[in-house]
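# What the coordinates show
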Amino acid sequence: MAEALEITGVSASPGVGVGPAHLAADVMAEVPALLDTVAAEGDKLRHAVATALVELEALAARSDEESAGILDFQIEMLLDPALVEMAERRIIAGHGAALAWFGALNDYIGDIEQAPDEQLRARAVDIVDIRNRVLSALTGRPLEDFAPGSVFVGKDLEPSLFLQHDWTAGGGIILFEGSVSSHVAMLARSRSVPMVVATGRFEVANGVGVLVDANDGRVVVAPEDQQIHEARSRTNEARPPAPSRTGGVIETVDGVAIRLSAIVNDPFELKSIDPSSVAGIGLMRTEFLGNVFDQETHYDIYRQALDWAGDAPVIMRMLDLGGDKKELGVGAKESEAFMGRRGIRLLLALPEIARLQARALLRAAAHGNLGVLLPMVTVPEEFDAMRAIFEEESAALGRRGVQTRMPEIGMMVEVPAAALTLDRFSRSDFFSFGTNDLAQYLAAAARDDQSVAALYAAATPAVLRVIAQGVALAEAMKKPIGICGEMASDPRHVPALMAAGLRHFSVATNRLATIRSTIGGMYSDGRAAAEMK
Amino acid sequence: MDNRPRREAPEAVDTQGYCQAEIEVTHGFGLHARPSVVFTRLAKSFPCTVEIEVNDSNVWLNGKSIVKIMGARIRRGSILKIRARGLRAAEAIHALKALVERDFDEEKKHGRSA
């Protein structure tokens, strides 16, 4: 028997699955020997598209709301005549309907795969799904499904294939490429199907037993019983009956505990994160709530986040308008750009908005572990003015008999003047580095200006030095300090941030798995442990 | 065919059924799957033509085509110009601009994917 082969990837949906490998076939269009006329090939294609639409609509009708939303996108794509037109140009050039469709869609998929951001790249597989469904209608070959209980192994997995498959018998998903933000990853998380992505291509024969250990982002081909047993028992240990935050604390190789929290941009992201996998929410933005003038909207969303988090901390950042965020029309003027009246400066200039948000935060704080983060603080007077607003609003609500609690109030460390003098901010309960702004102010290079982007990126050593100084000041004051800037979501920067003394990282939700495995593989001083183990 | 005077102002309206607006995409994930569905469905509900241009590319795409809009790979922070010509053009521009400003009503659809 062949020796077990172990491969590392990235966990996209936690859990452990074992089953025979189902190797996805590469879909290839066959060139029919006899071509009909151009008009007949065009008709065949339109007929196949109509068949695919009927199938998708039937599948959507028996799916839950989230799945139907994903299929809605595919349906809308197929309803658009532009896809058939792209293929028709190839039919006119002499291709059969199947090959023309395959080629045209592949070109389009290739473009999407080159997109600058992962969220858009992750949509390419939805279009692969459309391509295969129409192709199947054209060639009469049924869409690939596989035996219940098996482990799907392939480059990527199409959402409709996932939805048609029976997952009740277990199994799992291993993708050579794939993305944690793909639609199929969302579906896998919502159905608790273990899934590991980004393993790179590896050899495995159809039907060979495979272990998907998606708690560790690990795949074992031809595992021994002992390995299966260990992976399963670790799952049981990791999921005690009481809610636990074990996933939010990572131990470095030398045993130092590092906290990992989520950054949440939109409340709908909460659904895709398992609360037990993080130490809470390290930063939730509030600019994107919709109507910022409605206190109840604020309150409802804060409550949603607190209910999601249970007893774990949820840190809400007060409205950070201005700069690149031009909601409300405020901050749109040149003078209110990056170095003008933004963040806390704007909140103190528009006290009615600040007070409305403070009231919603004070009320929500009564229902969980809420912290408040103030953006763009430069001098202690700004911090004190905002704290006074909270105290006044708390007293006013109390007089009316409204239940409130004073949250911990901390500040973003993103203005160099504040970063260098944290010891002056004795009234702040905690600190969090916002490295996106800190870097642009230290380099005097706007982060949205491509002509100076290289300078902005090259300012990293200066940022790290300021962070190390800030950490030392905060430690002397015995105040918690963390980081919520983009640097913390980039595995290349994590070693230096650890070396600078940071022990609390707030990370974009789609980067959590990567950063977790990065931190778990190093010493607390930032050295990699891989070679020494 | 069309030689009417046009202004490149953020929002230009004339009485001959031509209207144009400019707006920044502020939604967290840019104009992706669900936002594209919502945008094109709204565009298709108007009888006028709707076209969009991304970041001064000088390429005008059919705003009713989700295939074209996805292919344009619009990110957060992109500047969109939207123009409409024909019946109810001003109304169409007003509604589409408001939709982008409301971040495609994403906050009302918790749990729906982007």
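In what follows, the structure referred to is the one given above.
My aim in this report is to walk through the structure given alongside it, one point at a time.

Cut-offs and rules
- Residues numbered from 1 in each chain as written.
- Chains lettered and ligands numbered in written order.
- Predicted model: local features only at pLDDT ≥ 70, side-chain atom pairs only at ≥ 80, totals over all residues.
- Heavy atoms only, no water.
- Helix = DSSP H or I, 4+ residues; strand = E, 2+ residues; numbered from the N terminus.
- Buried < 20%, exposed > 50% of the residue type's maximum accessible area, 1.4 Å probe, protein only.
- Contact = heavy atoms within 4.5 Å.
- Areas by Shrake-Rupley, 256 points an atom, 1.4 Å probe, with all protein chains shown as cover.
- Phe/Tyr/Trp six-rings, centres within 6.5 Å; stacked < 30°, edge-to-face > 60°.
- Buried area = accessible area lost by both parts, 1.4 Å probe.
- Salt bridge = Lys/Arg side-chain N within 4 Å of Asp/Glu carboxyl O.
- Nonpolar A, V, L, I, M, F, W, Y, C, P; charged D, E, K, R; others polar.
- Axes fitted to C-alpha atoms, helices over the stretch in contact; angles between N-to-C directions.
- Parallel < 35°, antiparallel > 145°, perpendicular 65-115°, else oblique.
- Pairing = 2+ DSSP bridges.
- Core = buried A, V, L, I, M, F, W, Y, C linked by side-chain atoms within 4.5 Å.
- 1 Å grid on protein atoms, 1.4 Å probe; cavity = no way out; pocket = protein on both sides within 12 Å on 5 of 7 lines; lining within 4 Å.
- Points joined across faces, edges and corners; volume = space filled by probe spheres on them.
- Expected span 1.5 Å × (residues − 1).
- Polar contact = N/O pair within 3.5 Å; in protein donor to acceptor, adjacent residues only side chain to side chain.

## A word on the overall build of chain B
When its secondary structure is counted, chain B shows 3 helices and 5 strands. N-terminal to C-terminal, the α/β element order of chain B is β-β-α-β-β-α-β-α. With 114 residues in all, chain B has 50% of them scored as buried. Taking contacts inside chain B between residues at least 6 apart in sequence as the whole, the part at least 24 apart equals 69%. Of the roughly 5,100 Å² that chain B leaves accessible, carbon and sulfur atoms contribute 50%.

## Brief notes about the packing of aromatic side chains
Residue and element names in this part refer to chain A. Tallied over the entire structure, the rule returns 4 aromatic pairs over all chains. Considering the side-chain rings of Phe 146 and Phe 152, the 5.5 Å spacing of their centres and the 50 degrees angle between planes classify their relative orientation as tilted. Of the two residues examined, Phe 146 and Phe 152, each falls in the buried class. In textbook terms, an aromatic cluster arises when at least three aromatic residues are bridged by ring pairs, as seen for Phe 146, Phe 152, Phe 162 and Trp 167.

## Concerning the interface of chain B and chain A
Where interface size is given, it is often the accessible area lost as the parts come together that is meant. Each partner contributes to the interface: chain B provides 29 residues, whereas chain A provides 36 residues. When the two sides are added together, the surface that chain B and chain A hide from each other amounts to roughly 3,000 Å², 60% of it contributed by carbon and sulfur. Counting every contact that joins chain B to chain A gives 3 salt bridges. Of the charged contacts in the structure, one is a salt bridge between Glu 76 of chain A and Arg 41 of chain B, with a shortest N-O distance of 2.9 Å. Counting residues per element, the ones that place at least two in the side of chain B that touches chain A are α1 (33-44) and α2 (66-71) of chain B. Here the residues of the side of chain B that touches chain A sort into 8 nonpolar, 9 polar and 12 charged.

## Remarks on the packing of helix α4 (residues 97-113) of chain A against helix α6 (residues 124-139) of chain A
Residues and elements named next belong to chain A. Taken N-terminus to C-terminus, the directions of α4 and α6 make an angle of 175 degrees; their axes are 9 Å apart at the nearest point. As judged from the angle between their axes, α4 and α6 are roughly antiparallel. Here α4 contributes Ala 97, Ala 98, Trp 101, Phe 102, Leu 105, Asn 106, Tyr 108, Ile 109, Ile 112 and Glu 113 to the contact with α6, which in turn contributes Ala 124, Ile 127, Val 128, Ile 130, Arg 131, Val 134, Leu 135, Leu 138 and Thr 139.

## Let's talk about the sheet that holds strand β1 (residues 5-8) of chain A
Residue and element names in this part refer to chain A. Judged by pairing direction, the sheet is mixed, and its 8 strands sit side by side in the order β1-β8-β7-β3-β4-β5-β6-β2 without closing on themselves. Strand pairing shows two members of the sheet lacking a second neighbour, β1 and β2 (10-13), which therefore form its edges. Each neighbouring strand pair of the sheet contributes to a mean axis angle of 25 degrees, computed without reference to strand direction. Of the strand pairs in this sheet, strand β4 (residues 151-154) and strand β5 (residues 172-175) are connected by 4 bridges, and their pairing is parallel. Considered in β5, the bridge of Phe 152 is made with Ile 173. The sheet strands contacting helix α8 (residues 183-191) are β2, β5 and β6 (195-197), and the helix crosses β2 at an angle near 65 degrees.

## Regarding the pattern of salt bridges
Residue and element names in this part refer to chain A. Under the definition given, this model contains 31 salt bridges over all chains. One salt bridge in this structure joins Asp 320 and Arg 317, with 3.6 Å as the shortest N-O distance. Each member of the pair, Asp 320 together with Arg 317, is buried. Between Glu 393 and Arg 355 there is a salt bridge, with the nearest N and O atoms lying 2.9 Å from each other. You can see Glu 393 sitting in helix α13 (residues 380-399) and its partner Arg 355 sitting in helix α12 (residues 351-365), a full 38 residues away along the chain.

## Concerning the nonpolar core
Generally speaking, soluble globular proteins have nonpolar side chains that are buried together. Judged by nonpolar contacts, the single largest core of 79 residues is most densely connected at Leu 374, Met 386, Phe 390, Phe 433, Ile 467, Ile 483 and Phe 505 of chain A. No other element matches α12 of chain A, which puts 8 residues into this core. With sequence-adjacent residues up to four places away left out, Phe 433 of chain A is seen in contact with Val 413, Leu 438, Val 466, Ile 467, Gly 470, Val 471, Ile 481, Gly 482, Ile 483, Cys 484, Gly 485 and Leu 502 of chain A. Within the second largest apolar cluster, 61 residues are counted, among which are Trp 101, Leu 105 and Val 184 of chain A together with Ala 33 of chain B.

## Re the layout of surface pockets
All names here are of chain A. By volume, the second largest pocket amounts to about 1,000 Å³. Around the second largest pocket, the lining comprises 47 residues; the ones closest to its centre are Val 125, Val 128, Lys 155, Asp 156 and Glu 158. Going through the elements one at a time, α4, α5 (118-121), α6, β4 and α7 (159-164) are the ones with two or more residues in the lining of the second largest pocket. The biggest single contributor to the lining of the second largest pocket is α6, with 9 residues. Class assignment of the residues belonging to the lining of the second largest pocket gives a composition of 21 nonpolar, 12 polar and 14 charged.

## A closer look at the environment of Asp 311 of chain A
Tracing the chain through its elements places Asp 311 of chain A in the loop between α10 (295-309) and β12 (314-317). Linking Asp 311 of chain A and Gly 368 of chain A, residues 57 residues apart in sequence, is a C-alpha distance of 6.3 Å.

## Quick notes on helix α1 (residues 38-61) of chain A
All names here are of chain A. Taking 1.5 Å of rise per residue, the 24 residues of α1 would be expected to cover 34 Å, and the 35 Å separating its terminal C-alpha atoms lies within 8% of that figure. Along α1, the positions that sit buried rather than exposed are Glu 41, Gly 42, Leu 45, Ala 48, Val 49, Ala 52, Leu 53, Leu 56, Leu 59 and Ala 60. Its buried side turned inward, α1 meets α2 (65-79), α3 (81-92), α4, α6 and α7.

## A short note on the environment of Asp 129 of chain A
All names here are of chain A. Note that Asp 129 resides in helix α6. Sequence-wise, Asp 129 and Leu 143 are 14 residues apart; in three dimensions their C-alpha atoms are separated by 9.9 Å. Contacts of Asp 129, omitting those with residues within four sequence positions, involve Gln 74, Glu 158, Pro 159, Ser 160 and Leu 161. Looking at Asp 129, its side chain comes within polar contact range of the main-chain nitrogen of Ser 160, at 2.6 Å.

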